[in-house]
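# Structural characterization, general
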Amino acid sequence: MNLRSKFLVVLTLVISLILILSFCSVYFLYEHSKDREEKKFLLAEAHEASFLYFNMYRNVLLVDSALNFRSHELDKNITIHISIFDAEKKLVFQYPDTSLNFKKYKILDSVRENNPYYFEMGDFLSVGLLYRSGKNFCYTIVSVNTKGGESQSAQLKNILLIVALATILFIGLFPFYYVFIVTAPLVRLSNQMRHFTGDNLNKRVEVVKGNFKTNEIVQVATNLNLMLDKLERTFESQKIFVRHASHELRTPLANMLLQTEYALDKNLDKDEYKRILQSLKEDELELISLINTLLQFSQYEQIENLQLNSSRIDEIIYNSISFAKKSFQGILINFEYATPPESEDAISVNGHPELLRVALNNLIKNAYTYSDNKKVNIILETNDEGVTIIIENSGKGLQHDEVDRMFLPFFRGENKKTTKGFGLGLAIIEKIIKIHHAKITYNYKDGKVNQFIVFFSKSKKNPGKSREI
């Protein structure tokens, strides 16, 4: 049984149960109210008959005439019987003459003063009343037939039963029709989702017409398409990553294999073996560096949402400068403020210090590697709009087509022939910059100076999704 069928069955059962309980409550409340009204009517008639008996000086003809006149005022479906007994429990009045037999008045023993006694005899409901007038008192028994009330109860029961069955039938059919119409888009959506595989993530599900804010099906379809967009980008990125990584790993492994085979096939002396082992060591170090870089890039590629806190960017720059002086031989770094900061907030950005340090380390390494004099300039600018970091080096600039692709993983320009690298440094930098909702741009100034410019906006609403080159 699918979800729609389960929903319909549960809905029908619950509403039917509520309906049945409601109708039963109506019926029993009606029965209780009818019984109370009947007893109230009987007691009033008993008081009326007793009053007439005493106030008409116990004249049977007058009492009979008064009661006969009153009986014509009552409902024709009501048959009333009245019996009055004196203090000695002798029958002194009976209306009509062929009234009920109370079996030698044993019922009168149950009648108490100020405590009417109700009982049933066949189709009649009766009340026994001890009525006192001055020093005298009498026993009055009034009975009415209950067949009329029973027929009304039966009629009410039949009406409630018919209405309940008709309502349950309607509840079963209408929701069935309505739910199948409402859930039809979900069924179509489910059928479309079955055909998605890793090879056709470029397809999208159909979005039905409706208001996104109020229509949940539109929300589900739209959000599913957004998720497919992310999955498609992720899968495509992984394909490109695996293809380039395989290519980059193949070269050092092939070199290591060739050198190993050469050493095994030849009878070399000690110095030649040491030379081959040294070359293998260099290839192994290059392979380890490549793997570490790949792992680092993969780690930053998975970061989507990161908690950013206020951090002083100048302190992070000083840490990166200290790291660069220890890591890069002969590097010369000059750091200066374009404008003196007015306060600590002026040089603070919303960021993650460790990731920002990685990005700056890579930018300084990139400037040092491709510099013609091993000199790197860092300029920090602050204004009302935000914080700007400029990292400069002198050297050959990038071609226009290289600029467009410089942030792609594993891309390397013409300098790959003279400088070792994997083409992942700038890709890692750009990923970190995007995480911080910042922007990175490249500029070649005066035909001799390469500039990477990182801008952190003071506005928290800056999406940081674009990249300017």
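See the structure shown above.
Residues numbered from 1 in each chain as written. Predicted model: local features only at pLDDT ≥ 70, side-chain atom pairs only at ≥ 80, totals over all residues. Heavy atoms only, no water.

### Quick word on the packing of aromatic side chains
For the record, the criterion: In summary, the pairing rule links any two rings of Phe, Tyr or Trp, Trp by its six-membered ring, whose centres are within 6.5 Å, and it sorts them by plane angle into stacked for under 30 degrees, edge-to-face for over 60 and tilted for everything else. Secondary structure elements follow DSSP: runs of H or I no shorter than four residues count as helices, runs of E no shorter than two count as strands, and numbering proceeds from the N terminus. The classification of residues rests on relative accessible area computed with a 1.4 Å probe and restricted to protein chains. Under 20% of the type maximum is buried, over 50% is exposed, and intermediate values are partly exposed.
Scanning the entire structure with this criterion turns up eight aromatic pairs. Taking 5.1 Å as the distance between ring centres and 85 degrees as the angle between the ring planes, the aromatic pair formed by Tyr318 and Phe335 counts as edge-to-face. With Tyr318 in helix α7 (residues 313-327) and Phe335 in strand β7 (residues 332-337), this pair connects stretches of sequence that are 17 residues apart. By relative accessible area, which is 43% here, Tyr318 ends up partly exposed. Relative accessible area serves as the criterion here: at 17%, Phe335 is assigned to the buried category. Between the aromatic rings of Phe335 and Tyr337, the centroid separation amounts to 5.3 Å while the plane-to-plane angle is 50 degrees, which identifies the pairing as tilted.

### What to know about empty space enclosed by the protein
So the rule is basically this: The distinction between a cavity and a pocket rests on a 1 Å grid over the protein atoms alone: a 1.4 Å probe fits inside a cavity but cannot get out, while a pocket stays open yet meets protein on both sides within 12 Å along at least five of seven lines, and a residue with an atom within 4 Å of a point counts as lining. Grid points are joined across faces, edges and corners, and a volume is the space filled by probe spheres set on the points. Throughout, the ten residues Ala, Val, Leu, Ile, Met, Phe, Trp, Tyr, Cys and Pro are labelled nonpolar, Asp, Glu, Lys and Arg are labelled charged, and all others, Gly among them, are labelled polar.
For the structure on display, the rule yields two cavities of 30 Å³ or more. Volume-wise, the largest cavity comes out at about 60 Å³. Together, Pro185, Arg188, Leu189, Gln192, Glu206, Val208, Ile217 and Ala221 line the largest cavity. Among the elements of the structure, α4 (184-194) and α5 (216-265) are those that each provide at least two residues to the lining of the largest cavity. Element by element, the count of residues in the lining of the largest cavity is highest for α4, at four residues. Here the residues of the lining of the largest cavity sort into five nonpolar, one polar and two charged. One number sums up the size of the second largest cavity: a volume of about 50 Å³. Mapped by element, the contributors of at least two residues to the lining of the second largest cavity are α8 (353-369) and β12 (449-457). With four residues, α8 is the single largest residue contributor to the lining of the second largest cavity. Tallied by class, the residues present in the lining of the second largest cavity amount to nine nonpolar, no polar and no charged.

### Things to note about the pairing of strand β10 (residues 386-394)
So the rule is basically this: Strand pairing is defined by DSSP finding a minimum of two bridges between the two strands.
Counting buried residues in β10 gives eight out of nine residues, a clear majority hidden from the surface. For β10 and β12, the ladder comprises nine bridges, and the chain directions are antiparallel. Pairing of Glu392 across the sheet is with Gln451, part of β12.

### A look at the packing of α8 against helix α10 (residues 425-435)
We count it as follows: Think of each axis as a best-fit line through the C-alpha atoms, taken over the contacting stretch in the case of a helix, with angles from 0 to 180 degrees between the N-to-C directions. Crossing handedness follows the turn of the near helix against the far one: under a right angle anticlockwise gives a left-handed crossing, and clockwise gives a right-handed one. The contact criterion used throughout is that any non-hydrogen atoms of two residues lie within 4.5 Å.
Contact geometry of α8 with α10 gives a least axis separation of 9 Å together with a crossing angle of 145 degrees. By crossing handedness, the relation of α8 to α10 is classed as left-handed. When α8 is examined against α10, the residues Leu355, Leu356, Val358, Ala359, Asn362, Leu363 and Asn366 are found in contact with a partner set consisting of Gly425, Leu426, Ile428, Ile429 and Ile432. Residues belonging to the contact of α8 with α10 are distributed by class as follows: nine nonpolar, three polar and no charged.

### Describing the nonpolar core
Put simply, the rule is: We define a nonpolar core as any set of buried Ala, Val, Leu, Ile, Met, Phe, Trp, Tyr and Cys residues linked to one another through side-chain atoms lying within 4.5 Å.
Counting residues in each nonpolar core, the largest one holds 35 residues, and the members touching the most others are Ile313, Ile317, Ile378 and Ile389. Those elements that provide at least two residues to this core are α7, β7, α8, β9 (375-382), β10, α10, β11 (439-445) and β12. Among the elements that take part in this core, α8 stands out by supplying six residues, more than any other. Aside from chain neighbours lying at most four places away, what touches Ile317 is Phe335, Leu360, Ile378, Leu380 and Ile389. Within the second largest apolar cluster, 17 residues are counted, among which are Tyr53, Phe54, Phe93 and Tyr131.

### Let's talk about the sheet that holds strand β5 (residues 136-145)
Reading across the sheet, the five strands line up as β2-β1-β5-β4-β3 and stay open at both edges, with antiparallel pairing between neighbours. Looking along the sheet, the strands with just one partner apiece sit at the ends: β2 (91-95) and β3 (117-121). Neighbouring strand axes in the sheet, compared pairwise and without regard to direction, differ in orientation by 20 degrees on average. Relative to β5, strand β4 (residues 124-133) runs antiparallel, the two sharing 10 bridges. The residue bridging Ser133 from the neighbouring strand is Asn136, located in β5.

### Remarks on the pattern of salt bridges
Put simply, the test is: Salt bridges, as used here, are contacts in which a Lys or Arg side-chain nitrogen is within 4 Å of a carboxyl oxygen on Asp or Glu.
All chains considered together, the criterion is met by eight salt bridges. The salt bridge partner of Asp35 is Lys39, with a shortest N-O separation of 3.5 Å. Here Asp35 pairs with Lys39, and both are found in helix α1 (residues 3-55), just four residues apart, close to one helical turn. Residue Lys39 is classed as partly exposed on the basis of its relative accessible area of 28%. Residue Arg132 is joined to Glu113 by a salt bridge in which the shortest nitrogen-to-oxygen separation is 3.2 Å.

### Section: the side chain of Thr382
Locating Thr382 in the fold gives a position in strand β9. Residue Thr382 is classed as buried on the basis of its relative accessible area, which comes to 14%.

### Regarding the pairing of β11
Pairing of β11 with β12, which is carried by seven bridges, proceeds in the antiparallel orientation. By the bridge assignment for β12, Tyr444 is matched with Asn450. Connecting the antiparallel pair β11 and β12 is a turn made up of three residues, with Asp446 showing a positive phi of about 60 degrees.

### Quick look at unusual backbone geometry
A positive phi is found at Asn114, a non-glycine position, where the angle reads about 60 degrees. Note on placement: Asn114 falls in the loop between β2 and β3. Although it is not a glycine, His437 sits at a positive phi angle of roughly 55 degrees. The residue His437 is located in the loop between α10 and β11 in this model. On the accessibility criterion, His437 (38% relative accessible area) is partly exposed.

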